[in-house]
Amino acid sequence: MLVAFLMRANVDLSAYGLSPVVFGPAFLVLVAAAVIFSFANWRCPACNGYLGRGINPKFCSKCGTELR
Ligand SMILES: [Zn+2]
């Protein structure tokens, strides 16, 4: 899934006339930072439990709190 995302990102960069060879490494660092950031924030506001792998969970699997 991440690979597919990166491949699509490379296509987007090429479309803007930017070389993936130059921007690839920098972009990878950016993506890694974004992933780490999202994992750090992917927690229930009520119980601070990790929300799992769902893209958009409606309820916390730990405490059942409704999520927006
Ligand atoms: Zn919770």
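Given the structure is predicted, the values throughout are model-derived calculations rather than measurements.

**Student:** I'd like a rundown of the overall build of the protein, residues and numbers included.
**Tutor:** What the protein contains, in helices and strands, is two helices and zero strands. Put simply, the protein has 68 residues, and 16% of those count as buried. For the protein, long-range pairs separated by at least 24 residues make up 7% of all intrachain contacts whose partners lie at least 6 apart in sequence. For the protein, the exposed surface amounts to about 5600 Å²; the carbon and sulfur share of it is 68%.

**Student:** Report on the environment of A46, specifying residues and quantitative values.
**Tutor:** Here A46 is to be found in the segment after α2 (20-41). Expressed as a C-alpha distance, the spacing of A46 and L67, which sit 21 residues apart in the sequence, is 9.5 Å. Those residues in contact with A46 that sit more than four places away from it in its chain are C63 and T65.

**Student:** Residues and numbers for the coordination of the zinc ion, please.
**Tutor:** Ligation of the zinc ion by protein atoms is provided by C44 (SG), C47 (SG), C60 (SG) and C63 (SG), these donors lying 2.3 Å from the ion. Binding-site remark: the zinc ion is held by donors from one chain whose sequence spacing is C-x2-C-x12-C-x2-C.

**Student:** Now, about a nonpolar patch on the surface: what can you tell me, with residues and values included?
**Tutor:** A cluster of nonpolar side chains, namely V21, V22 and F23, defines an oily patch on the protein surface of about 310 Å² accessible area. Examined against the element boundaries, V22 turns out to sit in helix α2.

**Student:** Explain unusual backbone geometry to me, using residue names and the numbers behind them.
**Tutor:** A positive phi angle, near 65°, is found at N48, a position not held by glycine. The residue N48 is located in the segment after α2 in this model.

What counts and what doesn't
Residues numbered from 1 in each chain as written. Predicted model: local features only at pLDDT ≥ 70, side-chain atom pairs only at ≥ 80, totals over all residues. Heavy atoms only, no water. Helix = DSSP H or I, 4+ residues; strand = E, 2+ residues; numbered from the N terminus. Buried < 20%, exposed > 50% of the residue type's maximum accessible area, 1.4 Å probe, protein only. Contact = heavy atoms within 4.5 Å. Areas by Shrake-Rupley, 256 points an atom, 1.4 Å probe, with all protein chains shown as cover. Donors = N, O, S within 2.8 Å, 3.2 Å for Na, K, Ca; no water. Patch = residues over 30% accessible without salt bridge, like charges linked within 9 Å, V, L, I, M, F, W, Y side chains within 5 Å. Salt bridge = Lys/Arg side-chain N within 4 Å of Asp/Glu carboxyl O.

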